[in-house]
Amino acid sequence: MNFNDKQKEEFSFQALGTNCEFIIYGCNAKYIGNIGKREVEIFEKNFSSYDGNSEIGKINKNSGKLTELSRECFDLIKKSIFYSELTEGFFDITIKPLVNLWSVGKDNFNIPSDKTINKYRELVDYKKIELREQSSEIKLNSGQQIDLGAIAKGYMADKLKDIFVTLGVKSGIINLGGNIVLIGSNINEKTWTIGIQDPFENRGEYVGIISLIDKSIVTSGVYERFSIKDNKVYSHIINPKTAYPIVGEILSISIISNKSIDGDGLSTGLYILGIEKSLKILKELNLDGIFITKDKKVIITEGIRKNFILTNEEFNIV
Ligand code: AMP
Ligand code: MG
């Protein structure tokens, strides 16, 4: 290591509807971080489902008709369908009409009528997305709308890591609203220590810490965005089969993987699938996870048990 390796730059900005941060070590850190920031801005412009001029906006406007896509967008949608298959369809990018209907976490949150819920539920089905590989075209079933919000941050975090590593970064952190990707090891202490958020407390209060090197850790949790009505909590994750926001036993699920897209693509669907099925899927895919339940239990997969230290005594590892 030479002196320049210890030079550190920190970036913090709003994008992708969340707080984004980079920490980059090395002599060109400032220049490289700015390139990363620009890449996030370009990606957001192209992939936001709230921008009618983005590629996703165009697909949604063209619902029922064929739309030609960039290869990047086509491949990301294809990959999303792959995660739907892995999670028994609980991860489903055609969820957007239900996300809009419920408006969880927004001021206009309201419980829709059963009739409306049923009408919207019929629109949600990733199997009705038609993809034409040769011409890079997509067609949604008429009325369908897609939202890549549950996978975009993971995809982008991997893309940033590739860019940073190509530009020579050997040590750093990318954090896109809780999608954390570690580059190499921590220059000062070897491993990076990441706090696992206490779902009952304010941001920055932890259940425990995990030490990792060169991995991705992605968390889906109720505490990120929710609404409360008549003492019932409604999370921003919607079960595509019932069309209701999920209120289950799990308050948060963190997935540790090499690729952040795996963590992001899986966390949302596994959250709905519940602990037992999730553990089985993680084992099959050789991935690790940490689950935190309503009754303050912490469930950790074998592969990372040694890396985790419980710091909050109110919780129990089971
Ligand atoms: P994440 O934070 O990665 O779990 O993504 C949650 C976001 O994905 C929500 O805010 C919704 O916009 C969207 N979403 C909610 N439920 C689903 C679902 N079942 N499948 C795919 N996306 C979803
Ligand atoms: Mg996700």
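In what follows, the structure referred to is the one given above.
Quick summary incoming for the structure in this document. On a predicted model such as this, the values are computed, not experimentally measured, just so you know. Residue positions are given per chain, counting from 1 as you read along its sequence in written order. All chains are assigned letters beginning at A, and all ligands numbers beginning at 1, according to the order in which they are written. Predicted model: local features are reported for residues with pLDDT of at least 70 only, side-chain atom pairs are reported and counted for 80 or more only, and whole-chain, interface and lining totals are derived from all residues. Calculated side-chain values reflect all of the structure's heavy atoms, with hydrogen atoms and water omitted.

### Examining the packing of aromatic side chains
Point 1. Ring geometry is summarised as follows: Phe, Tyr and Trp rings, the Trp one being its six-membered ring, pair when their centres sit within 6.5 Å, and such pairs are stacked at plane angles under 30 degrees, edge-to-face over 60 and tilted between the two. The tally for this structure, following the rule as stated, stands at 11 aromatic pairs.
Point 2. Where F11 meets F22, the ring centres are 5.9 Å apart and the plane angle is 55 degrees; that geometry is what we call tilted. On the criterion of sequence distance, the pair formed by F11 in strand β1 (residues 8–15) and F22 in strand β2 (residues 18–25) is long-range, its members being 11 residues apart.
Point 3. Note on exposure labels: buried denotes an accessible area under 20% of the residue type's maximum, exposed denotes more than 50%, and partly exposed covers the range between, all computed with a 1.4 Å probe on protein chains only. On the basis of relative accessible area, F11 is assigned to the buried category, the value being 11%. Strands here are runs of E lasting at least two residues and helices are runs of H or I lasting at least four, both read from the DSSP assignment and numbered beginning at the N terminus.

### Some points on the coordination of the magnesium ion (ligand 2)
For a metal with four tetrahedral donors the ideal donor-metal-donor angle is 109.5 degrees, while six octahedral donors give ideal angles of 90 or 180 degrees.
Point 1. In this listing, donors mean N, O and S atoms no farther than 2.8 Å from the metal, or 3.2 Å for Na, K and Ca; water is missing from the atoms, so a site can look incomplete. Within the protein, the magnesium ion (ligand 2) binds to A150 (O), D264 (O), D264 (OD) and T268 (OG1); these donor distances fall in the range 2.3 to 2.5 Å.
Point 2. Within one chain, the residues donating to the magnesium ion (ligand 2) are spaced in sequence as A-x113-D-x3-T. Of this pair, A150 sits in the loop between β5 (137–139) and α6 (152–166) while D264 sits in helix α7 (residues 260–273), and the two are 114 residues apart along the sequence.

### Points about the pairing of strand β10 (residues 216–221)
Point 1. Of all six residues in β10, six are buried; the element is thus mostly enclosed.
Point 2. With burial as the criterion, each face of β10 is covered, one bearing S216, V218 and S220 and the other bearing I217, T219 and G221.
Point 3. Paired strands, in this sense, are two strands between which DSSP finds at least two bridges. Pairing geometry for strand β7 (residues 179–183) and β10, over three bridges, is antiparallel. Across the sheet, the residue bridging to I180 is I217, located in β10.
Point 4. Sheet topology note: the β10/strand β13 (residues 250–257) ladder contains six bridges and is antiparallel. Looking at the pairing, V218 lines up with I255 of β13.

### Points about the pairing of β7
Point 1. Among the five residues that make up β7, five are buried, leaving the element largely enclosed by the rest of the structure.
Point 2. By the alternation rule, side chains of β7 split into N179, V181 and I183 and I180 and L182, which are all buried.
Point 3. Relative to β7, strand β6 (residues 172–176) runs antiparallel, the two sharing five bridges. Looking at the pairing, I173 lines up with L182 of β7.

### Considering the packing of helix α3 (residues 71–86) against α7
Point 1. Axes here refer to lines fitted to C-alpha atoms; in helices the fit is confined to the stretch in contact. Angles between the N-to-C directions go from 0 to 180 degrees. In the contact formed by α3 and α7, the axes pass within 9 Å of each other and the chain directions differ by 55 degrees. Classified by the angle their axes make, α3 and α7 are oblique. Of the two possible hands of crossing, α3 and α7 adopt the one that is right-handed. Touching L76, K79, Y83 and L86 of α3 are I261, D262, G265 and L266, all from α7.
Point 2. Nonpolar residues are Ala, Val, Leu, Ile, Met, Phe, Trp, Tyr, Cys and Pro. Charged residues are Asp, Glu, Lys and Arg, and all others, Gly as well, are polar. Taken together, the residues that form the contact of α3 with α7 break down as five nonpolar, one polar and two charged. Put simply, angles under 35 degrees are roughly parallel, angles over 145 are roughly antiparallel, angles from 65 to 115 are roughly perpendicular, and the rest are oblique. Should the near helix be turned anticlockwise from the far one by less than a right angle, the crossing is termed left-handed; should it be turned clockwise, right-handed. Any two residues whose heavy atoms approach within 4.5 Å are treated as being in contact.

### Quick word on the pattern of salt bridges
Point 1. Salt bridge, as used here: a side-chain nitrogen of Lys or Arg that lies within 4 Å of a carboxyl oxygen of Asp or Glu. Using the criterion set out here, one finds 12 salt bridges in the structure.
Point 2. Between K78 and E133 there is a salt bridge, with its nearest N and O atoms 3.1 Å apart. Here E133 lies in the loop between β4 (130–132) and β5 and K78 lies in helix α3, a separation of 55 residues in the sequence.
Point 3. When its relative accessible area of 38% is taken as the criterion, E133 is described as partly exposed.
Point 4. Overlapping salt bridges bring together R71, D75, K78 and E133 as one network.

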